[in-house]
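Okay, here's what each chain looks like letter by letter:
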Amino acid sequence: MTDATRELRGRFTHVTGREPDGVWSAPGRVNLIGEHTDYNQGFVLPFAIDRRTTVAAGLRTDGVIRVASTFDDTPAEWRLTEIDAARIDGQLTGWSAYPLGVAWALGRNGAELASVPGVDLVIDSTVPVGAGLSSSAAIESAVAVALNELWGLNLPRPTLAQVGQLAENDVVGAPTGIMDQSASLLGEADSAVFLDCRSLETAVVPLGLAGAGLSILVIDARVSHSHATGGYADRRASCEAGAVAMGVTSLRDLDVTDLDRAHDMLDDVTFRRVRHVITENQRVLDTVRVLRKDGPTAIGPLLDASHRSMRDDFEISTPELDLAVDTARAHGAIGARMTGGGFGGAAIALIPNALLLEVELAVQDAFAKRRFSGPMAFTVTPSRAATRDDIDPIEHAAATA
Ligand code: GLA
């Protein structure tokens, strides 16, 4: 057990007066490539990062769910059977909507909320909020694995990813896809997760960053974004309109050979939105192929092309993210792109270890010259998916087999 796990157990005992039944954690994610393709039933290639949300959980006997956290003094408390009405009345707001939403969404996937025991949850997180690293999926996935085990549901991880997405869509109110929860629940060390968002088939794709002497630097531009109110929903609507105009169920049904036809049939803005999705799907497939054949040093041009497409066609980048990407490239990054939903958040740069410091200093300097606040830059390591943290993994596997 790590010090952080022990500390959260202590915190749980302080808040509830008893020991937790267990501690679980789930990572945030970086999307290596494949942006705004998930809700178009396309391809994505994210990886889980070494920043995690941890939840200490203990059953109650009264059908109440109570969620507390280290980042907010006020706990939220509901009867499990009342969450649905509270959701419909729009009473579930703020960070607690994520764990409460997961409990509700488990109710839509086999949990009998009228008969499962209540639960106390105490949550802590090292995933930065608003940086496009899916702090929300990390909460959802940590709570999902905790309740799945405590309530004896035995739901497979792909279903838990759908539970997290349902919570986000129908409780939090953000029309997001399935990528973030899939990365958080299926990631592996030094690897990315390829996900076909139509079939929901996945494959673990080794990245080999350490072996190639490469790091991924996250450059958080510290410009906040909100999926629920921002341009995310607007981009999703454009994609859906583009698919209807092209006579297909989703943009996944189109590929680069359809671009000329799309150009003739769509207005300029819709065409550029559609072109981003079509070409981005192709770039994900190309990235997997290049990673397997030539390794991570060869994927730079694909990352760069992805950023240009988001900047010029999908128009979800910001001046801060463009500056971060351009500066990183000018100082030795092999490739760089904004990552996540856009309209703020972070960029990632793939950098030879020897040039990390130079790139970091150059970005700080460029931001200062333009009088942009921030940025916050830190490296991330592709890491393992959601886990139980307070017992030995082998004992745990044997107990849950
Ligand atoms: C956010 C959403 C994801 C995905 C990305 C864009 O992170 O939560 O589902 O759509 O934006 O690729």
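Residues numbered from 1 in each chain as written. Predicted model: local features only at pLDDT ≥ 70, side-chain atom pairs only at ≥ 80, totals over all residues. Heavy atoms only, no water.

**Notes on the site of the ligand**
This is how the line gets drawn: One heavy atom within 4 Å of a molecule or strand makes the whole residue count as near it. Within 3.5 Å is the distance limit for a polar contact, defined as a pair of N or O atoms, with the added protein rule that one can donate a hydrogen and the other accept it, and that residues adjacent in sequence qualify only through two side-chain atoms. Per-residue and other accessible areas follow the Shrake-Rupley method at a 1.4 Å probe size, with only the shown protein chains counted as cover for residues. Domain boundaries shown here were taken from an automatic or database domain assignment.
Near the ligand, the surroundings consist of 13 residues, among which Glu35, His36, Asp38, Asp180 and Tyr232 are the closest. Take arginine 29: an N or O atom from its side chain is 2.8 Å from an oxygen atom of the ligand. Within the side chain of aspartate 180, a nitrogen or oxygen atom sits 2.5 Å from an oxygen atom of the ligand. Here the ligand has 310 Å² of accessible area as a free molecule, and 99% of this is covered by the chains. Lining the shell around the ligand are residues from two domains, each supplying at least three of them: domain 1 (3–205 + 383–400) and domain 2 (208–380).

**Side note on the packing of aromatic side chains**
Quick note on the threshold: Stacked, tilted and edge-to-face are the three classes applied to pairs of Phe, Tyr and Trp rings, where Trp contributes its six-membered ring and a pair requires centres within 6.5 Å; stacked means planes under 30 degrees apart, edge-to-face means over 60, and tilted covers the rest. Runs of E in the DSSP output that reach at least two residues are strands. Runs of H or I that reach at least four are helices, and both are numbered from the N terminus. Exposure categories follow from relative accessible area, calculated using a 1.4 Å probe and restricted to protein chains: below 20% of the type maximum is buried, above 50% is exposed, and the middle band is partly exposed.
Applying the stated criterion across every chain yields a total of four aromatic pairs. Between phenylalanine 71 and tryptophan 95, the ring centres sit 5.2 Å apart and the planes meet at 75 degrees, which makes this aromatic pair edge-to-face. Highlighted residues: phenylalanine 71 in the loop between strand S3 (64–69) and strand S4 (72–79) and tryptophan 95 in the loop between helix H2 (83–88) and helix H3 (97–107), separated in sequence by 24 residues. Since its relative accessible area comes to 41%, phenylalanine 71 is described here as partly exposed. Classification of tryptophan 95 by relative accessible area gives buried; the value is 16%.

**A look at the pattern of salt bridges**
As a reminder, the rule being used: When a carboxyl oxygen of Asp or Glu is within 4 Å of a side-chain nitrogen of Lys or Arg, the pair counts as a salt bridge.
Overall, the coordinates contain 29 salt bridges when judged by the stated rule. One salt bridge in this structure joins arginine 87 and aspartate 84, with 3.0 Å as the shortest N-O distance. With arginine 87 and aspartate 84 both in helix H2 and three residues apart, the pair spans about one turn of that helix. Overall, aspartate 84 belongs to the partly exposed group, its relative accessible area being 27%. Linked through salt bridges whose partners overlap, the residues forming this network are Arg9, Glu19, Glu149, Arg388 and Asp390.

**Some points on helix H11 (residues 319–330)**
Formally: What a helix should span is 1.5 Å times the count of its residues minus one. Every residue pair with non-hydrogen atoms within 4.5 Å of one another is taken to be in contact.
Between its first and last C-alpha atoms H11 spans 16 Å; for 12 residues at 1.5 Å apiece the expected length is 16 Å, and the two agree. Along H11, the residues classified as buried are Glu320, Leu321, Asp322, Leu323, Ala324, Val325, Thr327 and Ala328. Looking at the buried positions of H11, the neighbouring elements they touch are strand S8 (214–220), helix H10 (300–313), strand S9 (335–339), strand S10 (346–352) and helix H12 (356–369). Glycine 332 sits one or two positions beyond H11 and adopts a positive phi of about 115 degrees.

**Looking at unusual backbone geometry**
Following glycine 374, the chain continues to proline 375 via a peptide bond in cis, the omega torsion being -5 degrees. Position of proline 375 relative to the elements: it lies in the loop between H12 and strand S11 (376–380).

**Some thoughts on the nonpolar core**
Cut-off, in case you're wondering: For this analysis, a nonpolar core means a set of buried residues of the types Ala, Val, Leu, Ile, Met, Phe, Trp, Tyr and Cys, connected via side-chain atoms within 4.5 Å.
Ile65, Ile83, Leu106, Leu121 and Trp151 are the most contacted members of the largest nonpolar core, which has 50 residues in total. With residues near it in sequence (within four places) discarded, isoleucine 65 still touches Ala76, Glu77, Trp78, Leu80, Ile83, Leu100, Ala103, Val119 and Leu121. One finds Tyr39, Ile219, Leu321 and Ala366 within the second-largest nonpolar core, a separate group that totals 39 residues.

**Things to note about the environment of aspartate 234**
Summarising the element assignment, aspartate 234 is placed in helix H7 (residues 232–246). Side-chain polar atoms of aspartate 234 contact the side chain of arginine 235, separated by 2.7 Å.

**Examining the domain arrangement of the protein chain**
Heads up, the rule is: As used here, buried area is the combined drop in accessible area, with a 1.4 Å probe, of two parts when they are placed together.
Taken domain by domain, the protein chain holds domain 1 (3–205 + 383–400) and domain 2 (208–380). On a C-alpha basis, the centres of domain 1 and domain 2 stand 26 Å from each other. The partner domain 2 presents 48 residues to the 36 residues of domain 1 that form the contact. For the pair domain 1 and domain 2, the two sides together bury roughly 3400 Å², of which 64% comes from carbon and sulfur. Aspartate 253 is the salt-bridge partner of arginine 198, the closest N and O atoms lying 2.8 Å from each other. Along the contact surface separating domain 1 from domain 2 lie 20 residue pairs in polar contact (both at pLDDT 80 or more). If one sorts the elements of the side of domain 1 that touches domain 2 by residue count, strand S2 (residues 43–60) sits on top with seven residues.

**Regarding the packing of H3 against helix H4 (residues 135–150)**
Going by this rule: Geometry is summarised by axes, namely lines fitted to C-alpha atoms with helices restricted to the contacting stretch, and by angles between N-to-C directions that run from 0 to 180 degrees. Any angle between 65 and 115 degrees counts as roughly perpendicular, while under 35 counts as roughly parallel, over 145 as roughly antiparallel, and the rest as oblique. For any pair of crossing helices, the crossing counts as left-handed if the nearer helix is rotated counterclockwise from the farther one by less than a right angle, and right-handed if it is rotated clockwise. We call Asp, Glu, Lys and Arg charged. Ala, Val, Leu, Ile, Met, Phe, Trp, Tyr, Cys and Pro are nonpolar, and the rest, Gly among them, are polar.
Where H3 contacts H4, the axes come no closer than 9 Å and their chain directions differ by 45 degrees. In this view, H3 runs oblique relative to H4, as classed from their interaxial angle. Pair H3 / H4 crosses with right-handed handedness. Together, Tyr98, Pro99, Val102, Ala103 and Leu106 of H3 and Ser136, Ile139, Glu140, Val143, Ala144 and Leu147 of H4 make up the contact between the two elements. Taken together, the residues of the contact of H3 with H4 break down into nine nonpolar, one polar and one charged.

**Focus on the side chain of serine 184**
Take serine 184: it is sitting in helix H6 (residues 179–186). By relative accessible area, which is 0% here, serine 184 ends up buried. Aside from chain neighbours lying at most four places away, what touches serine 184 is Ala26, Pro27, Ala137, Ala138, Ser141, Ala385 and Ala386.

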